[in-house]
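For reference, the chains in residue letters:
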Amino acid sequence: MWPYFPHLLNRPVPRYTSYPTAAEFRADVGAADLAAALDGLPAGALVSLYVHIPFCRDICWYCGCNTERANSRRRLETYLAALEREIDAVAARVSGRVRVGRIAFGGGSPNAISPIAFVRLVDRLLTAFSAANAEISVELDPRGLDASWAAVLGKLGVTRASLGVQTLDSGIQQRIGRVQPAESIAQSVALLRGAGVRSLNFDLIYGLPGQTMAALEDSVQAAIAMRPDRVALFGYAHVPDRIARQRRLEAAALPGQQARFDMAQQGHQALLAAGYMAIGFDHFALPEDALAVAMRAGRLRRNFQGFTDDNADALIGLGASSISLFDHLIVQNERASGLYRARLEAGGLAAMQGVRRDAEDRERGLVIGDILCGRPADLTGLPFDGLESRLKPFTDAGLAVLAADRLRLTADALPYARAIAACFDRYRTGAMAGFSAPV
Ligand code: SF4
């Protein structure tokens, strides 16, 4: 059983999918920085591509993603035309010099566009980047996944997919504006397995309005019965001041901090009992899955897609709001699809904000990555004034051990990992407005 220390969980903290986090992005970093970073990639560098499709069949009320309804064919077409422009502009700077190992489609829901449009998009990417052997993964909304989509994914050789499942409780589905019967999930699984997807992820959520321990247990067990290779069990982050659509959720029906903690623990235990391995603080994988193999080998990393076994030198984001990650730079494209389109039509790149990473950022980023990925962190030579006092509540509680410039989290520390990582964040010394609860 995880020990419960409410005073160590009451401070919202970043999810640390990058360091520095998006809260540090500034407008004086943009397209020129991105161009220089692309031009500076060395010959032979291994890169991954992330392609953002900011459209969904329907918008779920809890969703914090940058997405809008796919209810205008013309809007989709103009967006995809801009995306092709960006693909060509970026590829012109790196193609022939770098190797593309992976292409990930996310959103939104990539299957909000038509299967034919998706084929065309993949073809454009593979041709422009000379990336015929790249591994392709895609996030999918089960509600729009049919046999024609599965056939296309099979033909394109997609081997990894992630399904937005969230909860299988029909009453909670109504309360969060996402109704999808369990049968449609099972059908999606059968279609994807039949199409050759060998690594399948389910996203599940705890902390939803009206959700009880029993309801979560039922959803987790129903998910386990479908045997996804990976499960991501996220705590719902309620930030209605920032995300207007969340105001439709009944705030009074949201579980409190202790209930959320108990749910995280219950889901964790159920997945471990079913043979999954814990990956970081909120992912799980079957022991033979690549994520579990990377975890055991100490190769687990954290990026904008969560925990990953991706070992690329750089991540290039394509599409509105997508983020590119280089050793010295993190840079984000225009978030609004109209502005994104306008930048590309004007002949430039679409980056509009970001942060340059200095040596200290990179060192702190490595420490934060080690903490979140479950490895001891080497603190040798780092200028961490006041660090011991920041860590003291966690070391006093037996959640972390600091000795000989090494920090090790104990087995009970998983739900506190983000809060411990925040001790190393030089930008988080005051209020943490806009972030989410550690559990
Ligand atoms: S389908 Fe996914 S991305 Fe789209 S609104 Fe729902 S949760 Fe958000």
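Reading guide: rules and limits
- Within each chain, residue numbers correspond to sequence positions counted from 1 in written order.
- It should be noted that, the model being predicted, local features are given only for residues of pLDDT at least 70 and side-chain atom pairs only at 80 or more, the latter also being counted only at that level, while totals for whole chains, interfaces and linings use all residues.
- Calculated side-chain values reflect all of the structure's heavy atoms, with hydrogen atoms and water omitted.
- Runs of E in the DSSP output that reach at least two residues are strands. Runs of H or I that reach at least four are helices, and both are numbered from the N terminus.
- Note on classification: 1.4 Å probe, protein chains only; a residue is buried when its accessible area is under 20% of the maximum for its type, exposed when over 50%, partly exposed between these limits.
- Using the Shrake-Rupley algorithm and a 1.4 Å probe, accessible areas are obtained, with residue cover drawn only from the displayed protein chains.
- Think of it this way: Lys and Arg go in the positive column, Asp and Glu in the negative one, and His and the chain ends go nowhere.
- Throughout, a charge is located at the NZ atom of Lys, the CZ atom of Arg, the CG atom of Asp or the CD atom of Glu.
- Here the expected length of a helix is defined as 1.5 Å per residue gap, with one fewer gap than residues.
- It is the directions from the helix axis to the C-beta atoms whose arc is reported.
- Any pair of residues with heavy atoms lying within 4.5 Å of one another is described as a contacting pair.
- The axes are straight lines fitted to the C-alpha atoms, using for helices just the contacting stretch, and the angles between their N-to-C directions are given from 0 to 180°.
- With respect to orientation, any angle under 35 degrees is reported as roughly parallel, any angle over 145 as roughly antiparallel, any angle of 65 to 115 as roughly perpendicular, and every other angle as oblique.
- Each residue is assigned to one of three groups, with Ala, Val, Leu, Ile, Met, Phe, Trp, Tyr, Cys and Pro labelled nonpolar, Asp, Glu, Lys and Arg labelled charged, and all others, Gly among them, labelled polar.
- In this scheme the handedness of a crossing depends on how the near helix is turned from the far one: anticlockwise by less than a right angle means left-handed, clockwise means right-handed.
- Near, as used in this document, describes a residue that has one of its heavy atoms within 4 Å of the molecule or strand being considered.
- Between any two strands, at least two bridges found by DSSP are needed for them to pair.
- For the domains described, the bounds stem from an automatic or database domain assignment.
- Buried area: the accessible surface (1.4 Å probe) lost by two parts on joining, summed over both.
- Between Lys or Arg on one side and Asp or Glu on the other, a salt bridge is scored when a side-chain nitrogen of the former is within 4 Å of a carboxyl oxygen of the latter.
- Under this definition, polar contacts are N or O atom pairs within 3.5 Å; protein pairs additionally need one hydrogen-donor-capable and one acceptor-capable atom, and for neighbouring residues in sequence, both atoms have to be side-chain atoms.

Colleague: Requested: an account of the overall build of the chain, with residues and values cited.
Modeller: The number of helices and strands found in the chain is 13 helices and 19 strands. Taken along the three principal axes of its C-alpha coordinates, the chain extends 55 × 50 × 40 Å. Across the 439 residues of the chain, 55% fall into the buried class. Carbon and sulfur atoms form 52% of the exposed surface of the chain, whose accessible area is close to 17,800 Å². The chain carries 48 positive and 45 negative side-chain charges, and their two centres are separated by 3 Å.

Colleague: I'd like to hear about helix 3 (residues 115-128), residue by residue, with values.
Modeller: With 14 residues, helix 3 extends 20 Å between its outermost C-alpha atoms, agreeing within 8% with the 20 Å of an ideal straight helix rising 1.5 Å per residue. Residues of helix 3 that are buried include every one of Pro115, Phe118, Leu121, Val122, Leu125 and Ala128, and no others. Taken around the axis of helix 3, the buried residues stretch over an arc of 165 degrees, which confines them to a single face. Away from its buried face by more than 90 degrees, helix 3 exposes Ile116, Arg120 and Thr127. In this fold, the buried residues of helix 3 make contact with strand 1 (46-53), helix 2 (73-94), strand 4 (99-107), strand 5 (135-140), helix 4 (147-156) and strand 13 (314-318).

Colleague: Explain the packing of helix 2 against helix 3 to me, and be specific about the residues and the numbers.
Modeller: Two packed helices can be described by the angle between their axes and the distance between those axes. The contact between helix 2 and helix 3 brings their axes to 9 Å, and the two run at 10 degrees. Between helix 2 and helix 3, the crossing angle belongs to the class labelled roughly parallel. Facing Leu80, Leu83, Glu84, Ile87, Asp88 and Ala91 of helix 2, the residues of helix 3 in contact are Ala117, Arg120, Leu121, Arg124, Leu125 and Ala128. Among the residues making up the contact of helix 2 with helix 3, the classes are represented as eight nonpolar, no polar and four charged.

Colleague: Describe in detail the packing of helix 7 (residues 213-225) against helix 8 (residues 257-273), supporting the description with residues and values.
Modeller: Two elements in contact, helix 7 and helix 8, have axes whose closest approach is 10 Å; the angle formed by their N-to-C orientations is 25 degrees. Judged on the interaxial angle alone, helix 8 and helix 7 are roughly parallel. The two elements helix 7 and helix 8 cross, and the hand of that crossing is right-handed. Within the contact between the two elements, helix 7 uses Met213, Leu216, Glu217, Val220, Gln221 and Ile224 and helix 8 uses Ala259, Asp262, Met263, Gln266, Gly267, Ala270 and Leu271. Per-class residue counts for the contact of helix 7 with helix 8 are eight nonpolar, three polar and two charged.

Colleague: Explain the site of the ligand residue by residue, including any values.
Modeller: Near the ligand, the surroundings consist of Cys56, Asp58, Ile59, Cys60, Tyr62, Cys63, Thr67, Gly108, Ser109, Asp141, Arg143 and Arg178. Residues of the shell around the ligand, tallied by class, amount to five nonpolar, three polar and four charged.

Colleague: Any details on the environment of Ile420? Residues and values, ideally.
Modeller: Counting through the fold element by element, Ile420 comes out in helix 13 (residues 417-421). Non-local contacts of Ile420, meaning those with residues more than four positions away in its chain, are made with Ile371, Leu391, Phe394, Leu399, Ala400, Leu407, Leu409 and Ala413.

Colleague: So what about the sheet that holds strand 19 (residues 406-409)? Which residues, and what values?
Modeller: Strand order in the open sheet formed by three strands is 17-19-18, with antiparallel pairing between adjacent strands. Whereas interior strands pair on both sides, the edge strands pair on one side only; in this sheet they are strand 17 (377-378) and strand 18 (400-403). In this sheet, strand 19 lies alongside strand 17 in antiparallel orientation, the contact comprising two bridges. Bridge pairing links Ala377 to Leu407 in strand 19. Seen against the sheet, helix 12 (residues 387-396) touches strand 18 and strand 19 and runs at an angle of roughly 135 degrees to strand 18.

Colleague: An account of the domain arrangement of the chain is needed here, citing residue identities and associated values.
Modeller: In many reports, interface size means the accessible area that the parts give up when they come together. Taken domain by domain, the chain consists of domain 1 (1-19 + 358-439) and domain 2 (21-355). Measuring from the centre of the C-alpha atoms in domain 1 to the corresponding centre in domain 2 gives 25 Å. Between domain 1 and domain 2, the contact holds 29 residues from the first and 33 residues from the second. Overall, the association of domain 1 and domain 2 removes approximately 2,800 Å² of surface from exposure, summing both partners, and the carbon and sulfur fraction of that is 59%. Its largest share of buried area at the contact with domain 2, domain 1 owes to Trp2, Tyr4 and Val439, together 24% of the area lost on that side. On the surface where domain 1 and domain 2 come into contact, there are three salt bridges. Here Asp327 and Arg362 are joined by a salt bridge, their closest N and O atoms 3.9 Å apart. Joining domain 1 to domain 2, the criterion identifies 12 residue pairs in polar contact (both at pLDDT 80 or more). If you list the elements that add at least two residues to the side of domain 1 that touches domain 2, you get helix 11 (359-372) and helix 13. Of the residues that constitute the side of domain 1 that touches domain 2, the class distribution is 18 nonpolar, five polar and six charged.

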